[in-house]
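Here is how the chains run, residue by residue.
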2 protein chains.
Amino acid sequence: VIPMLQFVNTVVIYLLPAKNGEEQTTQFLLEVVDILLNYVRKTFDRSTKVLDFHHPHQLLEGIEGFNLELSDQPESLEQILVDCRDTLKYGVRTGHPRFFNQLSSGLDIIGLAGEWLTSTANTNMFTYEIAPVFVLMEQITLKKMREMIGWQNGDGDGIFSPGGAISNMYGIMAARYKYFPDVKVKGMSAAPKLILFTSEHSHYSIKKAGAALGFGTDNVILLKCDKRGKVMPSDLEAKIIEAKQKGYVPLYVNATAGTTVYGVFDPIQEIADICDKYNLWLHVDAAWGGGLLMSRKHRHKLNGIERANSVTWNPHKMMGVLLQCSAILVREKGLLQGCNQMCAGYLFQPDKQYDVSYDTGDKAIQCGRHVDIFKFWLMWKAKGTVGFEIQINKCLDLSMYLYTKIKNREGYKMVFDGEPEHTNVCFWFIPPSLRGMPDCADQMEKLHKVAPKLKARMMECGTTMVGYQPQGDKTNFFRMVVSNPAATMSDIDFLIDEIERLGQDL
Amino acid sequence: VIPMLQFVNTVVIYLLPAKNGEEQTTQFLLEVVDILLNYVRKTFDRSTKVLDFHHPHQLLEGIEGFNLELSDQPESLEQILVDCRDTLKYGVRTGHPRFFNQLSSGLDIIGLAGEWLTSTANTNMFTYEIAPVFVLMEQITLKKMREMIGWQNGDGDGIFSPGGAISNMYGIMAARYKYFPDVKVKGMSAAPKLILFTSEHSHYSIKKAGAALGFGTDNVILLKCDKRGKVMPSDLEAKIIEAKQKGYVPLYVNATAGTTVYGVFDPIQEIADICDKYNLWLHVDAAWGGGLLMSRKHRHKLNGIERANSVTWNPHKMMGVLLQCSAILVREKGLLQGCNQMCAGYLFQPDKQYDVSYDTGDKAIQCGRHVDIFKFWLMWKAKGTVGFEIQINKCLDLSMYLYTKIKNREGYKMVFDGEPEHTNVCFWFIPPSLRGMPDCADQMEKLHKVAPKLKARMMECGTTMVGYQPQGDKTNFFRMVVSNPAATMSDIDFLIDEIERLGQDL
């Protein structure tokens, strides 16, 4: 229904703000939207492939005229439209119901609309002055999230940040500022040798933050986990005592609610008891598991999270919000501000005409900050809390379906016993040639190569994608996750069929 | 031309991935696009206001039914469309030709198309695996940027980050890793007491990074500037010597190419000479001024930038790229990787089928990373380097026009002498009641209140926006900037008329 216009030899100078540029602009953007709508429809169509794989050198050489190089001279708008089509053609459909490769997947239509609006508004979160509506939406949404965590009246503080790694970094900064505020002014030499604790199954961003913030990765102590991948509280206590004996000062413990690979929940209550006993900051990294707070059925897995001093929660993971959308929530108000504020005169004028407590930008380690809130707020409006609950429960049901289907199936071996707590299902596929072989080093070595080979075949066929990795002394295995509410049991069946089809002769 | 559908009582569950959801999805998204296109057209229409100002409490109370609160139950799609309209209605049109409030302004149509596509693709920069095209675009664009800086063959490294503050943080981290790599593992205690130097006119993010990374703000030494706001190299050398005498170790110097308020360029060559002499890391914060590298007429202002070890450059400022788009560029390859990598097994498997040197995510302090490159790449394609040059030259010409117009005009006083180097023009408006008064404390106090009052009136009228701030011992003054190529001389004339209209009786 959208009329086509030819843009041959039409260049960008005919678009707005050019005089009489309205029609061309409308036309051009509608052409782009037409490309995008086709992409959206095909993403949900299972006859479409997840990806059309090419090696870097192939794309760099320029496939079918898709030229990535930049030039001094402008291209025609028609060529720009072709570039848009090609960009999507050679990309990966992360919203496809058979894309299981990442914790973030799906393509929520309301979220998409929200993000289109956000980019059209093209503003910045630092002040109420230029983002009045978005600043208020952020405050209201953060308060709701704190209520879901269980902090009284939703009190506390928080901010949206560019991803879970940065949110985790904020948590450590808040802890350091709470106990050793002089570090802000005097540097790490104003504090004793501080120790951070996190489990060996926790996300690598804790170590990354430890390196960046000047603690050093040696002072990020990794705690032992049980076979299931949950941190052992006894090991935490032993290591706290050991650190103290060595003259170090334990500062912070991270408990993970939904580990990246195994998808399990650390025992928050027991960890909180230890943090209370030793007066340590408790951070809960619920980047992946936070979404389960929206589900009355599953939220008990995060029991104790209300005792945390800070929480990372990424709606762009389990809640299907478009990338990026991550929040750091802090129980004590004022710490983020105290820790990060520099009172830049050109942004945070105290003599504005409105209540400047709404200028929240100085809490951030960023100056400019992308508007990540709107798509999330809009999705919450459109679905209600119950809508998120339904989609989260559905994803967890699908994982149970997968688990039940493969746990006793020939050719599969589970990486750990027991039902999935989150949607992660970790397993080895053992091709016929390796079945019945003893558990020797030789078999392990061969098995280690199965997942990468199978994954390569999946990508070359383009039919599905699922992640794999080794973990500790465990050889490469698949980590299946479901966070896309578009996935169904038939997609799980498809994945299993595809693994068996592609792995038969390995 | 877009047919209207009634969405009353239609909820999100009828959209994709719902069965037969294609039509509703297309219809809904086209309705959203219709709202956005209206917004875009009106943004460039000077009869539209820049903003419709309301206080926080007014918006929170819910104006004309615009309810910001979130609920357990879903809203109808019709209400979602109303929410979208209201969100734009009560926001600020940062693309309006009379919005001069921020270094980032404008609404580039190609960039907008690029951002719509980016959100539709909804992927993540950490691996080639799920962002093959975007990863290559990033590499190609960063190389072009390094060529513009003047690094041989465009060699070096870099990454797009969520804003200039984070890019500046990367620069300091790279410096620290280069000279004291043990800090990554052992923390700041592995290094002597390190000192960072930056000018008193530089961006506050340098101090912010100093606090976050464990240096402490006391160890971020502010250098004196001349009247124009340029750092005095002699003060740098004196302070280096002083720090060394005290037993500190100077590490890093930031030179600003385009200061935030005055818009001047530090003398990079002279600073580079001193950095060479004392073996210090030279960072150039060209967040604001980097765009001038695209202009053959103006790039000489950054002479010496090729001697920097790292450079921050925000295309979302002077080049009009949509928010967010900021790059950190590093001359020595491998430092970012060395500094930040943690080799997470679940993302950066070494046994993938493609050349894993394209998995650039481990260079970042983030894990997931938003795709900021596409809109920029697409704009570069559509405009060519020459297109950027034209729009940048135009913005600088407009500033000269403003400067020439007001420098001898009654009621205006320039904050510093001389032509603008960037587009910043800093001035006091002196209302008739204060003209001819002696430069006494009383007059200063009254003058200090003029800019905030005038700004409040501007915002309440909604006709234009321009920033103000004090600086050092200088009382509140206006900082005019132009980064929107949609602005014309008539808009500058309008600003002056409006200041005089609204400030007449102050």
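For clarity, every value in this text was computed on a predicted model and none was experimentally measured.

Quick notes on the packing of aromatic side chains
Inference 1: Enumeration over the complete set of coordinates arrives at 37 aromatic pairs over all chains.
Inference 2: Their ring planes at 25 degrees and their centres at 5.9 Å tell us that Phe374(B) and Trp377(B) sit as a pair that is stacked. With Phe374(B) and Trp377(B) both in helix H12 (residues 373–406), this residue pair falls three residues apart, about one helical turn. The exposure classification of Phe374(B) matches that of Trp377(B), with both residues buried.
Inference 3: Lying across the ring of Phe494(A), Arg98(A) places its NZ or CZ 3.9 Å from the centre.

Here's the deal with the interface of chain B and chain A
Inference 1: Each side of the interface is counted separately: chain B has 151 residues, and chain A has 152 residues.
Inference 2: Interface of chain B and chain A: buried area, both sides summed, is about 13,300 Å²; carbon and sulfur atoms make up 67% of it.
Inference 3: Linking chain B to chain A there are eight salt bridges.
Inference 4: Of the charged contacts, one joins Glu129(A) and Lys455(B) as a salt bridge, the two residues approaching to 2.5 Å between their closest N and O atoms.
Inference 5: Between the two partners, chain B and chain A, sit 67 residue pairs in polar contact (both at pLDDT 80 or more).
Inference 6: Broken down by element, the side of chain B that touches chain A gets its largest block of residues, 13 residues, from helix H1 (residues 22–43) of chain B.
Inference 7: A per-class count over the side of chain B that touches chain A returns 86 nonpolar, 41 polar and 24 charged.

Quick notes on the packing of helix H6 (residues 164–179) of chain B against helix H8 (residues 205–212) of chain B
All names here are of chain B.
Inference 1: Running from N to C, H6 and H8 cross one another at 55 degrees; their axes reach a closest spacing of 9 Å. In terms of axis orientation, H6 runs oblique to H8. By crossing handedness, the relation of H6 to H8 is classed as right-handed. Residue-level contacts link Ala-165, Asn-168, Met-169 and Ile-172 of H6 to Ser-205, Ile-206, Ala-209 and Ala-212 of H8.
Inference 2: The residue inventory of the contact of H6 with H8, partitioned by class, reads six nonpolar, two polar and no charged.

What about the sheet that holds strand S7 (residues 310–313) of chain A?
All names here are of chain A.
Inference 1: Within the open sheet, the seven strands sit side by side as S2-S8-S7-S6-S5-S3-S4. Their pairing is mixed. Looking at strand neighbours, the two that pair on one side only are strand S2 (157–161) and strand S4 (220–223), the edges of this open sheet. Sheet twist, expressed as the average angle between the axes of neighbouring strands with direction ignored, equals 20 degrees.
Inference 2: Sheet topology note: the strand S6 (residues 281–285)/S7 ladder contains three bridges and is parallel. Looking across to S7, one finds that His-283 is bridged to Ser-310.
Inference 3: Set on the sheet, helix H6 (residues 164–179) makes contact with S2, strand S3 (194–199), strand S5 (249–256), S6, S7 and strand S8 (326–330); between it and S6 the angle comes to about 175 degrees.
Inference 4: Sitting on the sheet, helix H8 (residues 205–212) is in contact with S3, S4 and S5, with an inclination near 165 degrees to S4.

Some thoughts on the relation of the copies chain B and chain A
Inference 1: Least-squares fitting of chain B to chain A yields an RMSD of 0.0 Å, with the transformation described by 0.0 Å of translation along the axis and a rotation of 180 degrees. On this basis, the relationship between the two copies can be described by a two-fold rotation axis. By C-alpha distance to the rotation axis, the residue of chain B lying nearest is Leu213(B), at 2.1 Å.
Inference 2: Looking at chain B, 100% of its interface residues are interface residues in chain A too, so the copies touch through the same face.

Some details on unusual backbone geometry
Inference 1: Between Leu16(B) and Pro17(B) the backbone carries a cis peptide bond, its omega angle lying at 10 degrees.
Inference 2: Tracing the sequence through the fold places Pro17(B) in the segment before H1.
Inference 3: Residue Leu323(B) is joined to Gln324(B) through a cis peptide bond whose omega torsion reads -5 degrees.
Inference 4: Inspection of the secondary structure assignment puts Gln324(B) in the loop between strand S7 (310–313) and strand S8 (326–330).
Inference 5: One non-glycine residue, Asn153(A), lies in the positive phi region at around 60 degrees.
Inference 6: If you trace the backbone, Asn153(A) turns up in the loop between helix H5 (132–149) and S2.

Rules used throughout
- Residues numbered from 1 in each chain as written.
- Chains lettered and ligands numbered in written order.
- Predicted model: local features only at pLDDT ≥ 70, side-chain atom pairs only at ≥ 80, totals over all residues.
- Heavy atoms only, no water.
- Phe/Tyr/Trp six-rings, centres within 6.5 Å; stacked < 30°, edge-to-face > 60°.
- Helix = DSSP H or I, 4+ residues; strand = E, 2+ residues; numbered from the N terminus.
- Buried < 20%, exposed > 50% of the residue type's maximum accessible area, 1.4 Å probe, protein only.
- Lys NZ or Arg CZ within 6 Å of the ring centre and 35° of its normal.
- Contact = heavy atoms within 4.5 Å.
- Buried area = accessible area lost by both parts, 1.4 Å probe.
- Salt bridge = Lys/Arg side-chain N within 4 Å of Asp/Glu carboxyl O.
- Polar contact = N/O pair within 3.5 Å; in protein donor to acceptor, adjacent residues only side chain to side chain.
- Nonpolar A, V, L, I, M, F, W, Y, C, P; charged D, E, K, R; others polar.
- Axes fitted to C-alpha atoms, helices over the stretch in contact; angles between N-to-C directions.
- Parallel < 35°, antiparallel > 145°, perpendicular 65-115°, else oblique.
- Left-handed = near helix turned anticlockwise from the far one by under 90°.
- Pairing = 2+ DSSP bridges.
- Least-squares fit on C-alpha atoms with pLDDT ≥ 70 in both.

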